Amino acid sequence: MGSFLLIAAIYLATMVVAVPISARLGLGSVLGYLMAGIFIGPVLGLAGSAGDVADLQHFAEFGVVMMLFLIGLELEPRQLWAMRRRLLGLGGLQIAGTTLALTLLGLMLNQSWQVALTLGLILSLSSTAIVLQTLSEKNLMQTGGGRSAFAVLLTQDIVVIPILALLPLLGSAGARHAVHDTPGSAFMASLPGWGAALVTLGAVGVVILLGQYAFRPVFRFVQTSRLLEMNTAVALLIVVGIAALMTLVGLSPALGTFLAGVMLAGSEFRHELEGQIAPFKGLLLGLFFITVGAGMNFGMLFDRPVVVIGVTALIIAIKAAVLFGVARAARMPRRDRTLFTLSLAQAGEFGFVLISYATALAILTTEMAQGFLLVIALSMLVTPLLFILHDRVAAWLGDERQPLAEDAIDDQQPIIIAGVGRFGQVVNRLLTHSGFKTTVLDHDLNTIQLMRRFGGKGYFGDPTRPEILAAAGLDKARVLVAALDDQEANLKLVRYARERRPDLKIVARARDRVNVYQLYEAKADHIVREMFDSSLRAGRYVLENLGLSEYEANELEHIFYRHDRAGLRELAEVWRPDMPLDQNEAYITRSRELNAAMENALMERFSRGPAAAPVDDGEDDEAPEHGLVAGRALGGGGPGGRAR
C-alpha cells in the first residue's frame, strides 16, 4: 500500500508540472499526460513495479467510464436526431472507410481477421481533445471544415460504445472471463446463449429505465438536504452503480454509463451532474494517460525506428486519403477540405483505452499492443505539424478565402457602417428606422445574405480595403461606424479612415478597456465598449431587486457611468501599449485612486437621503465630451432606459 501511494504521489506531482507546460506550448493536455508518463517511466525509471503500475492503471481506467458518462450527458437524443445526416454521412463514411482500408492492410500483412478488424476500428478514431482544442485556439471551429471535423469527432465518440461491445466477441471466451472476473460472470457463463442474451438486454433496459424514471426523484430527494457532499455522493453512485451492474452481466461498464448519460441529457440535473463528475474524470483520466506513457516500450522505437515511424506515417496517409475522399464526396470547398483532412489524420486518445482492452481480451499480443501505443502517441505528437501544414496550404489557397466576387457598391450614403454583426446591426436598425440612409459593409457573405432576406441592404466586401471604402463613399461620408468583430481589423480601419479623412466623425466599437485606449490613440471620436451599457443596466436591475427605488438605482447608475468614463480618459494618459496593465505601476496607482473616488461618490449620493441634490461629479449630462481632447468620448453611450 505504501508503495502504491508513493507511485501515485510521483504521478500526481509530475502531472502538475508537465500538463501546464504542454498546454502553454499548445500541445494539449493529453500529450502533457503522455510526456509526464514517459518522463517518469522510460526516462527516469520511477514508474515502480509492474504490479503497482497495473493497480494504478485499473484504478485510473474508471476515468474512461466517467468520460463516457459525461459524453452521454452532452448527447440529448433529439439533438442527435437533428444531426443525423452529418453524423451518419461524414462520420459514418470516415469510420467505415478508414476501418475497411486498415483492415484490408492488416489482412495483406498476414494478420488474422480479428486482429485486423480490431486495429482498423481503433485506428479509425481521431484525437477529440487535441483537435477541438487546436480548432478553438486557431478560431477555426466556426469554419465549414471545423464544423465538419466536429461532427466526425462526435460520431467517433459515440462509436466507441459499440466498439467496446464488439471487442469481447472478437476475443476468446477465457479472456472475456478474465476481464470480467466477477461473481456474476460465473453465473453468466453457466447460462445458455439465449439466456445470457436476455439477461444482457434486461440489464441495458434497467439502465434506461433508471435513467428515465429513477435517478431524477433520487436527485430531488438528495437536493433537499442542501449538502454539497451528498450531491457528489449521488453522482458517483449513479456512475459506480451502473458500472457495477454492467460488469456483473459481462458488459463494458462504459456502455452502461454512456446510456445513463444519454437518458439524463435532458434532465434539469444535467449540469449539476457534470460539475460533480468532471473533476474526478479529469484526474483519473489524466492518471490513465500517464500510466500509458509510463508503460510505453521506447526500446522498440530505438531498435526499429524505421518500422515504427513508417507505420505511423502510413496510417496518417491512409486516414488522410479517406478523409479527403469523404470531403470530396461532401463537396466541401478546397480550404475546408484541407482543414477537415489534416486535422483528423492522427489516431486518438481512445486508442490507448481500446488497445488496453483488446490486450486484456487476448486479441492483441503484448508486443503488438506496445508497438501500436507508440504509433498512436507519435501520430498525436505530429498533430501540431499537420495544423502548420494546413496553415501553409491555406495561405497558398488564399485567393479562395472569398470565392465569390465582392459586390459592386451602387450608392453612397452619409453614414458607413463597417460590420453588421450583433453590434452593428442594432446601430443600423436604429438609424434606418429613424429615416437615415446607411451604406453597410461586411466581409461575411452569410451575414449580408441574411440581412437581405429580412429586407435590409448591405454589400459584401472587406471594409478594411481602401478600394472598398472608396467605393462606399468614404471621401463624402459624414460618419463612419467601425463595428468589426475582429479588433485588429477594426483598429486598422479606424487608423486608415482617420488618415484619409481628418474631419470624419468615427464611432468605434471596443471590446474592452485596452481596446478603448488603442482606438483613442487611433483618434476615434466616440468609442463604445460593447458590453458596458448592458452591464450597467443589469447592475441597475440588481439594485432595484435589492430594495432600492427605480430613481435611486438610476441615480447610482448615472454616477457610475460618468465617473467610469471620465476615469477612462485619465487612464488613457498613463496607458502604455508596450506594457501589460498589471505591470504599469502608474496605471495601477491611478486606477486605485479612481476606484476609491467612485466608491465615495456612490456612497455619498444618498447619505443625506433620496431627496438630496445630486452630487456634482464634474461632468454635465449636456456636455459629455469634455476631457483630454474636446469632442472625443471614451467608453461611449449613456445609460439606457428601462426597456428590459
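In what follows, the structure referred to is the one given above.
Every value quoted in this text rests on a predicted model; they were computed, and no experiment measured them. In this numbering scheme, every chain counts its residues from 1 along its sequence in written order. Reporting of local features is limited, given that this is a predicted model, to residues whose pLDDT is at least 70; pairs of side-chain atoms are given and counted only at 80 or more, and all residues count toward the totals for whole chains, interfaces and linings. Calculated side-chain values reflect all of the structure's heavy atoms, with hydrogen atoms and water omitted.

1. What to know about the side chain of Ser126
Strands here are runs of E lasting at least two residues and helices are runs of H or I lasting at least four, both read from the DSSP assignment and numbered beginning at the N terminus. Note on placement: Ser126 falls in the loop between helix H7 (113-123) and helix H8 (128-137). Counted as a polar contact is a pair of N or O atoms within 3.5 Å, where, for protein atoms, one must be capable of donating a hydrogen and the other of accepting one, and residues adjacent in sequence contribute only when both atoms are in side chains. Here the side chain of Ser126 touches Leu344 through a polar contact of 2.8 Å, landing on its backbone oxygen. Any pair of residues with heavy atoms lying within 4.5 Å of one another is described as a contacting pair. Setting aside residues no more than four positions away along its own chain, Ser126 makes contact with Leu153, Gln156, Lys319, Leu344, Gln346, Ala347 and Gly348.

2. Some points on the pattern of salt bridges
A pair can form between side chains of opposite charge whenever their charged atoms are brought close. By convention in these notes, a salt bridge is any Lys or Arg side-chain nitrogen within 4 Å of a carboxyl oxygen on Asp or Glu. Inspection of the entire model under this criterion finds 16 salt bridges. For Glu530, the salt bridge is made with Arg509, and the minimal N-O distance between the two is 2.6 Å. Taken together, the residues span a long stretch of sequence, with Glu530 in the loop between strand E6 (526-529) and helix H26 (532-545) and Arg509 in strand E5 (residues 505-510) at a distance of 21 residues. With its nearest N and O atoms 2.6 Å apart, the salt bridge here joins Asp564 to Arg513. With Asp564 in helix H27 (residues 550-574) and Arg513 in helix H25 (residues 513-521), this pair connects stretches of sequence that are 51 residues apart. With relative accessibility at 8%, the residue Asp564 sits in the buried group. When salt bridges with common partners are traced through the structure, they connect Arg422, Asp485, Arg509, Arg511 and Glu530 into a single cluster. Per-residue accessibility, obtained with a 1.4 Å probe over protein chains only, is compared with the maximum for each type, and a residue is labelled buried under 20%, exposed over 50%, and partly exposed between these values.

3. A word on the nonpolar core
Judged by nonpolar contacts, the single largest core of 69 residues is most densely connected at Leu34, Leu68, Met296 and Phe352. The element that contributes the greatest number of residues to this core is helix H20 (residues 366-396), accounting for nine residues. Excluding its chain neighbours within four sequence positions, the residues that come into contact with Met296 are Leu34, Ile38, Pro42, Phe352, Leu373, Leu374 and Ala377. Nonpolar core, defined: a set of buried Ala, Val, Leu, Ile, Met, Phe, Trp, Tyr and Cys residues in which side-chain atoms within 4.5 Å join the residues together. Counting 34 residues, the second largest nonpolar core, distinct from the first, contains Leu469, Ala482, Ile506 and Ile527.

4. Quick word on a nonpolar patch on the surface
Patch members must show over 30% relative accessible area and no salt bridge, and they are joined within 9 Å when carrying like charges or within 5 Å when they are nonpolar side chains of Val, Leu, Ile, Met, Phe, Trp or Tyr. To be clear on the numbers: accessible area is Shrake-Rupley with a 1.4 Å probe, and residue cover counts the displayed protein chains and nothing else. The grouping of Val16, Val17, Ile21 and Leu25 at the surface amounts to a nonpolar patch, some 410 Å² of accessible area in total. Within the secondary structure, Leu25 sits in the loop between helix H1 (2-24) and helix H2 (29-43). In this structure Leu25 comes out as exposed when scored by relative accessible area, which is 62%.

5. What about the packing of aromatic side chains?
Only Phe, Tyr and Trp rings are paired, with Trp represented by its six-membered ring, and only when their centres lie within 6.5 Å; those with planes under 30 degrees apart are stacked, over 60 edge-to-face, the remainder tilted. Applying the stated criterion across every chain, the model contains three aromatic pairs. Ring centres 5.9 Å apart and planes at 75 degrees place the aromatic pair Tyr517 and Tyr587 in the edge-to-face group. Of this pair, Tyr517 sits in helix H25 while Tyr587 sits in helix H28 (residues 585-605), and the two are 70 residues apart along the sequence. With respect to class, Tyr517 is no different from Tyr587; both count as buried. Ring centres of Phe532 and Tyr561 lie 6.3 Å apart, and the angle between their planes is 40 degrees; this geometry places the pair in the tilted category. You can see Phe532 sitting in helix H26 and its partner Tyr561 sitting in helix H27, a full 29 residues away along the chain. Overall, the relative accessible area of 9% leaves Phe532 in the buried class. An aromatic cluster of at least three residues, connected via ring pairs, comprises Tyr517, Trp575 and Tyr587. When the NZ atom of lysine or the CZ atom of arginine is within 6 Å of a ring's centre and also within 35 degrees of its normal, the charge is said to sit over that ring. If you follow Arg529 out to its NZ or CZ, it ends over the ring of Phe532, 3.9 Å from the centre.

6. Comments concerning the sheet that holds strand E4 (residues 479-482)
When DSSP finds at least two bridges between two strands, those strands are taken to pair. Within the open sheet, the six strands sit side by side as E3-E2-E1-E4-E5-E6. Their pairing is parallel. Two strands lie at the open edges of the sheet, namely strand E3 (459-460) and E6, each paired on one side alone. Strand direction decides the pairing type here: strand E1 (residues 415-418) and strand E2 (residues 438-442), joined by four bridges, are parallel. What sits directly across from Ile416, in E2, is Thr439. Fitted lines through C-alpha atoms give the axes, limited to the stretch in contact for helices. The angle between two N-to-C directions lies from 0 to 180 degrees. Where helix H21 (residues 424-433) meets the sheet, its contacts fall on E1, E2 and E4, and the angle it forms with E1 comes to roughly 160 degrees.

7. Digging into the side chain of Gln156
Positionally, Gln156 belongs in helix H9 (residues 144-170). There is a polar contact of 2.9 Å between the side chain of Gln156 and the side chain of Gln94. Of note is the side chain of Gln156, whose polar atom sits 3.4 Å from the backbone oxygen of Ser124. If sequence neighbours within four positions are ignored, Gln156 has contacts with Gln94, Ile95, Ser124, Leu125 and Ser126.

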